[in-house]
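Analysis of the macromolecular model
This is what each chain is made of:
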Amino acid sequence: MTALTDNDVVIARPEASADHIATPLTDARSQLAEAVALLGYNDGLHQMLATPRRELTVAVPLRMDSGESRLYVGYRVQHNFSRGPAKGGLRYAPNVDIDEVRALAMWMTWKCALLDVPYGGAKGGVAIDPRLHSTAELERVTRRYTSEILPIIGPERDIPAPDIGTDEQTMAWMMDTYSVSSGYTVPGIVTGKPIALGGSQGRASATSRGVTHIALAALRHVGIQPSGASAAVQGFGKVGADAARFLSEAGVRVAGVSDQYGAVFNPAGLDIEALDEHVRATGSVVGFAGSEPLEGADLLTLDVDLLVPAAVEGVLHESNAGEVRARVVVEGANGPTTPTADRIMRERGILVVPDILANAGGVIVSYFEWVQANQAYWWRADEVETRLEERMLNAWQHVLGYAETRGLSLRTAATALAVERVADAHRLRGLYP
């Protein structure tokens, strides 16, 4: 099994199948090709939409605390600029590679367009396991990586944010490195910063809140009242933990959660606050009092109303999609469902809400943070939450209406809407020269 960090929790991928071997990039390109065919675009426009505008691979040397030196490889991919500066997270994980970063950057383009945020998509990553390094070593890696990609980032060019294995402290180091090179403080260079450095209220939990808003709307759409619904959350990191908490606060009975080490289950519902304390104390959900142990892979096939995969790519695939018993799947992670799994679940009547809609809360509040930084005027937490909810639910209604009118899945509808907006911007701007 291969593992990636979901911040403090390590998430394991289920055993591979033939379908699961497909990479995030092949999945992203398949989704784009389906949307292009639906929209009737020509091959030239398709190639423009499929190809990143700019890619940078950099060497990231690290001086260890012991005095020895190591070399890591980092990437930054800027997929599209047609609707504005590039925007996307920075991931620290041992198996980061250029194709994964390309896929994530493409999905970010569609996510920004779908939510009508004036950005293009980008993504960055360093192939490093942050669990194996001290805070001082991670600071040196971050500052060196930032200095290497300095020529292509900036508040009007490309604005990084946290992702798997990075956090607000990482963004503080990036902001400082960029600001020192500029000779003045530039708070708009990153989002997801500490509030003391110009971060936005609500940014840390924005993705989870967005997932929750969409999950509650999706449950109601299929005739299930949240107060009587049950849920399972795969991944108990920055997205999954808060999503479980918000769902529980909304009256949903969160019956199971998982991490790399296993899963816990209680049909009567888990005490999420107590579980969070247990994870902080032990580093895992395993062994939580008042729950039954469960194999991590089995969480995906629990008999619940709602499944939230909130870890890594490709966890729902050909081998397990036929066993999923949830009525609604809301993607908290990027790319957790392969195209084959998508088809299987649609044929079985399972409503799948795609990542570019469901987990867009993070980029929405990142946009709010960028706007606030540019204005040097910060909003209250309730203002941020109200604007986030409005954006998420408006997008949900738009995608749902588009899908129902045309007989499409939510993923195809969302991707087509987003691709159409990017293509329109590209054609209006024209080609130079």
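Bear in mind the structure is a predicted one, so any value in this text is a computation, not a measurement. (Residues numbered from 1 in each chain as written. Predicted model: local features only at pLDDT ≥ 70, side-chain atom pairs only at ≥ 80, totals over all residues. Heavy atoms only, no water.)

1. Some remarks on the layout of surface pockets
- Of the volumes computed, that of the second largest pocket is approximately 500 Å³.
- Along the wall of the second largest pocket there are 22 residues; nearest its centre are Arg-346, Leu-408, Ser-409, Leu-410 and Arg-411.
- Ranked by residues supplied to the lining of the second largest pocket, first place goes to helix H9 (residues 339–347) with four residues.
- Split into classes, the residues belonging to the lining of the second largest pocket amount to nine nonpolar, six polar and seven charged. (1 Å grid on protein atoms, 1.4 Å probe; cavity = no way out; pocket = protein on both sides within 12 Å on 5 of 7 lines; lining within 4 Å. Points joined across faces, edges and corners; volume = space filled by probe spheres on them. Helix = DSSP H or I, 4+ residues; strand = E, 2+ residues; numbered from the N terminus. Nonpolar A, V, L, I, M, F, W, Y, C, P; charged D, E, K, R; others polar.)

2. What to know about the UniProt feature "binding site: substrate" (unreviewed entry) in the protein chain
- Under the present numbering, the feature "binding site: substrate" (unreviewed entry) in UniProt falls on Lys-87, Lys-111 and Ser-366. Judged by maximum C-alpha separation, these annotated positions cover 280 residues in sequence but sit close together in space, the widest gap being only 12.7 Å.
- With respect to the helices, strands and loops of the structure, Lys-111 is situated in helix H3 (residues 98–114).
- Taking the relative accessible area as the measure of exposure, Lys-111 reaches 6% and is therefore buried.
- Inspection of the secondary structure puts Ser-366 in helix H11 (residues 361–375).
- Using a relative accessible area of 1% as the deciding quantity, one classes Ser-366 as buried.
- Apart from residues lying up to four places away in sequence, Ser-366 is in contact with Lys-87, Tyr-119, Ala-161, Thr-191 and Arg-203.
- A polar side-chain atom of Ser-366 sits 2.8 Å from a polar atom in the side chain of Arg-203. (UniProt positions renumbered as here; feature names shortened; annotations may be inferred. Buried < 20%, exposed > 50% of the residue type's maximum accessible area, 1.4 Å probe, protein only. Contact = heavy atoms within 4.5 Å. Polar contact = N/O pair within 3.5 Å; in protein donor to acceptor, adjacent residues only side chain to side chain.)

3. Description of the pattern of salt bridges
- Across all of its chains, the model carries 25 salt bridges by this definition.
- One salt bridge connects Glu-313 with Arg-91, and the closest N-O pair in it is separated by 2.9 Å. Here Glu-313, found in the loop between strand S12 (306–309) and strand S13 (328–330), pairs with Arg-91, found in strand S5 (residues 86–93); they are 222 residues apart in sequence, far enough to count as distant.
- Exposure remark for Glu-313: the relative accessible area of 3% places this residue in the buried category.
- Salt bridges here are not isolated pairs; linked through shared partners, they connect Arg-91, Glu-100, Lys-123, Asp-163 and Glu-313. (Salt bridge = Lys/Arg side-chain N within 4 Å of Asp/Glu carboxyl O.)

4. Some words on the side chain of Arg-83
- One can find Arg-83 in the loop between strand S4 (69–78) and S5.
- Side-chain polar atoms of Arg-83 contact the side chain of Asp-116, separated by 2.8 Å.
- Side-chain polar atoms of Arg-83 contact the backbone oxygen of Val-117, separated by 2.8 Å.

5. Here's the deal with the nonpolar core
- Counting residues in each nonpolar core, the largest one holds 89 residues, and the members touching the most others are Leu-49, Trp-110 and Trp-396.
- The residues touching Trp-396, leaving out its near neighbours within four places in the chain, are Ile-214, Ala-217, Ala-218, His-221, Leu-351, Val-353, Leu-357 and Leu-410. (Core = buried A, V, L, I, M, F, W, Y, C linked by side-chain atoms within 4.5 Å.)

6. Looking at the UniProt feature "site: Important for catalysis" (unreviewed entry) in the protein chain
- Within the UniProt annotation, "site: Important for catalysis" (unreviewed entry) is assigned to Asp-163.
- A polar side-chain atom of Asp-163 sits 2.6 Å from a polar atom in the side chain of Arg-91.

7. Regarding a positive patch on the surface
- A contiguous patch of positive charge on the surface is contributed by Arg-53, Arg-54, Arg-157 and Arg-429.
- Along the chain, the position of Arg-53 falls in the loop between helix H2 (43–50) and strand S3 (54–63). (Patch = residues over 30% accessible without salt bridge, like charges linked within 9 Å, V, L, I, M, F, W, Y side chains within 5 Å. Areas by Shrake-Rupley, 256 points an atom, 1.4 Å probe, with all protein chains shown as cover. Lys, Arg positive; Asp, Glu negative; His and termini not counted. Charge placed at Lys NZ, Arg CZ, Asp CG, Glu CD.)

8. Some points on the packing of aromatic side chains
- Inspection of every chain in the model, using the stated rule, returns five aromatic pairs.
- Judged by centre distance (5.2 Å) and plane angle (65°), the rings of Tyr-119 and Trp-370 are edge-to-face. Linking Tyr-119 in the loop between H3 and strand S6 (120–127) with Trp-370 in helix H11, this pair joins segments that are 251 residues apart in sequence. Like Tyr-119, the residue Trp-370 is buried in the burial classification. (Phe/Tyr/Trp six-rings, centres within 6.5 Å; stacked < 30°, edge-to-face > 60°.)

9. What about the sheet that holds strand S7 (residues 158–162)?
- The strand order across the open sheet formed by five strands is S3-S4-S6-S5-S7, and the pairing between neighbours is mixed. Bordering the open sheet on either side are S3 and S7, each of which pairs with just one other strand. Mean inter-strand twist for the sheet, computed between neighbouring axes without regard to direction, equals 20°.
- With six bridges joining them, S5 and S6 adopt parallel strand pairing. Bridged to Ala-93 within S6 is Ala-127.
- Against the sheet, H3 touches S3, S4, S5 and S6, its axis set at about 150° to S6.
- Its contacts with the sheet put helix H4 (residues 135–149) on S3, S4, S5 and S6, and the angle it makes with S3 is roughly 145°. (Pairing = 2+ DSSP bridges. Axes fitted to C-alpha atoms, helices over the stretch in contact; angles between N-to-C directions.)

10. Examining the pairing of strand S10 (residues 262–265)
- The alternating pattern of S10 places Gly-262 and Val-264 and Ala-263 and Phe-265 on opposite faces, both of which are buried.
- Here four bridges tie strand S9 (residues 253–259) to S10, and the two strands are oriented antiparallel to one another. From the neighbouring strand, Ser-258 faces S10, where its bridge partner is Ala-263.
- Linking S9 back to S10 in an antiparallel pair, the connection comprises two residues.
- Where S10 meets strand S11 (residues 292–294), three bridges bridge the pair, whose relative direction is antiparallel. If you follow Phe-265 over to S11, its bridge partner there is Glu-292.

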